Amino acid sequence: MTERKYTASSIAPRIEEFLRTVFAGGGFDLEFSIADARPGEDDVETPDVLVKFTGADVDALLANRAELLLALEHVTMEMLRMPSEDHSRLSFDANDYRLLRIEELRLSATAAAEKVKRTGTPFRFNPMNSRERRVIHLALRNDTTIRSESQGSGPSRQVVVYPAGMASLPEPPPTAFVPRGGDGRHGRDTRPRGAHGEGRRRDSGPPRRGPRR
Amino acid sequence: MKQLVEDIAKALVDIPEEVSVREVQGEQVTVLELKVAPSDLGKVIGKQGRTARSIRTILGAAGMKLNRRFTLEILE
């Protein structure tokens, strides 16, 4: 990443005030520390600022593929008015989830590449956010016998791996509802979607594929 | 929980004075109706609804601690 744009000393007070309010209001038992990230902590992406959580509710934070951790991170970045291109500059973590997840994604990428080479057919990953898709693309960038691209939009955007010469498949039609997280764990996503166009889920219904985790 | 939604929304918008939340108790579910200035609607919804979804996730996790389900409705 290029030079530092955010520092703990410049944004920590606002993050701290915001998180304390949210934790008090939501009854979350969590502590956190905010620090400048040391370069080299992670060779895929080094954020400018790292917020690490500890406490009794860390499990809740990391449940459903760290759904709550990522939600808090997103809302905090919006609160700070960070433009979306800066969103990798602030990272929330607990129990080294982020690092482990990157390792997991790299392994999945390798397994997917092997499968595509062996079978000659494309492989569709489960939907992921942009940071995770980036890890997959990076992991596969030096393999010239395959190519990867992202398809779909919003929460259902997913990486597809193709044999190098194969044309892209059409986008899967929006059909069945795929629970968020799509990783085989049961989602408890029973909330009604707003009727005002927000969060419209064009969840495509490809058969669940991708390495079981 | 009403306070939680109100605090988050106020932190996100340009005009915090126009944020209001109404709590409607149901049998199973408590509905929280969030109202913001029309110009701030995009701030609480976010691109692809991501911010609204994040607020719902936080609300859901907080609700689990209370064994109660909460639904967020953003009023236009």
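Everything discussed here concerns the structure shown above.
A.B. asks: Please set out the pattern of salt bridges residue by residue, giving values where relevant.
C.D. replies: Residue and element names in this part refer to chain A. Under the counting rule described, the total for this entry stands at 20 salt bridges over all chains. A salt bridge links Asp-36 to Arg-4; its shortest N-O distance comes to 3.7 Å. In this pair, Asp-36 is assigned in strand β1 (residues 31-36) and Arg-4 in the segment before α1 (8-26), connecting sequence segments 32 residues apart. Arg-4 gets classed as partly exposed once you look at its relative accessible area, which sits at 37%.

A.B. asks: Would you mind going over the side chain of Asp93(A) in detail, with residue names and values included?
C.D. replies: Residues and elements named next belong to chain A. Residue position: Asp-93 is located in strand β3 (residues 90-93). Engagement of the side chain of Asp-93 in a polar contact is seen with the backbone nitrogen of Arg-98, the distance being 3.1 Å. If near-sequence neighbours (up to four positions away) are discounted, Asp-93 is found in contact with Val-51, Lys-52, Phe-53, Leu-69, Arg-98 and Leu-99.

A.B. asks: Could you give an account of the interface of chain B and chain A, with specific residues and numbers?
C.D. replies: Across the contact, 30 residues belong to chain B and 32 residues belong to chain A. A combined buried area of about 2800 Å² lies between chain B and chain A, and 58% of that area is made up of carbon and sulfur atoms. Contact with chain A buries area across many residues of chain B, yet Arg53(B), Arg56(B) and Thr57(B) alone supply 21% of it, more than any other trio. Linking chain B with chain A are two salt bridges. Where Lys65(B) meets Asp57(A), a salt bridge forms, and the shortest distance between an N and an O atom there is 2.8 Å. Linking chain B with chain A are seven residue pairs in polar contact (both at pLDDT 80 or more), by the criterion used here. Those elements that provide at least two residues to the side of chain B that touches chain A are α1 (2-12), α2 (41-45), α3 (50-65) and β3 (69-75) of chain B. Looking at the side of chain B that touches chain A element by element, the count peaks at 13 residues for α3(B). The residue makeup of the side of chain B that touches chain A, split by class, is 13 nonpolar, six polar and eleven charged.

A.B. asks: So what's going on with the packing of α1(A) against α1(B)? Residues and values would help.
C.D. replies: For the pair α1(A) and α1(B), interaxial distance at closest approach is 9 Å and the crossing angle is 160°. Our classification of the angle between α1(A) and α1(B) gives roughly antiparallel. Our pair here, α1(A) against α1(B), has a crossing hand that is left-handed. In this structure, α1(A) uses Phe18(A), Thr21(A), Val22(A), Gly25(A) and Gly26(A) to contact α1(B), whose residues at the interface are Leu4(B), Asp7(B), Ile8(B) and Ala11(B). Here the residues of the contact of α1(A) with α1(B) sort into five nonpolar, three polar and one charged.

A.B. asks: Before we move on, can you summarise the nonpolar core with the specific residues and values?
C.D. replies: Core analysis: the largest hydrophobic core is formed by 58 residues, its most contacted members being Phe53(A), Leu90(A), Leu34(B) and Ile58(B). Per-element tally for this core: the top contributor is helix α2 (residues 58-79) of chain A, with twelve residues. In this structure Phe53(A) touches Leu19(A), Phe23(A), Glu31(A), Phe32(A), Val58(A), Leu61(A), Leu69(A), Phe92(A), Asp93(A) and Ala94(A), once residues within four positions along its chain are discounted.

A.B. asks: Give me the lowdown on unusual backbone geometry, citing residues and values where you can.
C.D. replies: Residues and elements named next belong to chain A. The phi angle at Asn-95 is positive, at roughly 50°, despite the residue not being glycine. Position of Asn-95 relative to the elements: it lies in the loop between β3 and α3 (97-119). Even without being glycine, Asp-96 reaches a positive phi, approximately 55°. In this structure, Asp-96 sits in the loop between β3 and α3. On the accessibility criterion, Asp-96 (40% relative accessible area) is partly exposed.

Cut-offs and rules
- Residues numbered from 1 in each chain as written.
- Chains lettered and ligands numbered in written order.
- Predicted model: local features only at pLDDT ≥ 70, side-chain atom pairs only at ≥ 80, totals over all residues.
- Heavy atoms only, no water.
- Salt bridge = Lys/Arg side-chain N within 4 Å of Asp/Glu carboxyl O.
- Helix = DSSP H or I, 4+ residues; strand = E, 2+ residues; numbered from the N terminus.
- Buried < 20%, exposed > 50% of the residue type's maximum accessible area, 1.4 Å probe, protein only.
- Polar contact = N/O pair within 3.5 Å; in protein donor to acceptor, adjacent residues only side chain to side chain.
- Contact = heavy atoms within 4.5 Å.
- Buried area = accessible area lost by both parts, 1.4 Å probe.
- Nonpolar A, V, L, I, M, F, W, Y, C, P; charged D, E, K, R; others polar.
- Axes fitted to C-alpha atoms, helices over the stretch in contact; angles between N-to-C directions.
- Parallel < 35°, antiparallel > 145°, perpendicular 65-115°, else oblique.
- Left-handed = near helix turned anticlockwise from the far one by under 90°.
- Core = buried A, V, L, I, M, F, W, Y, C linked by side-chain atoms within 4.5 Å.

All we've got here are geometric facts, nothing functional implied.
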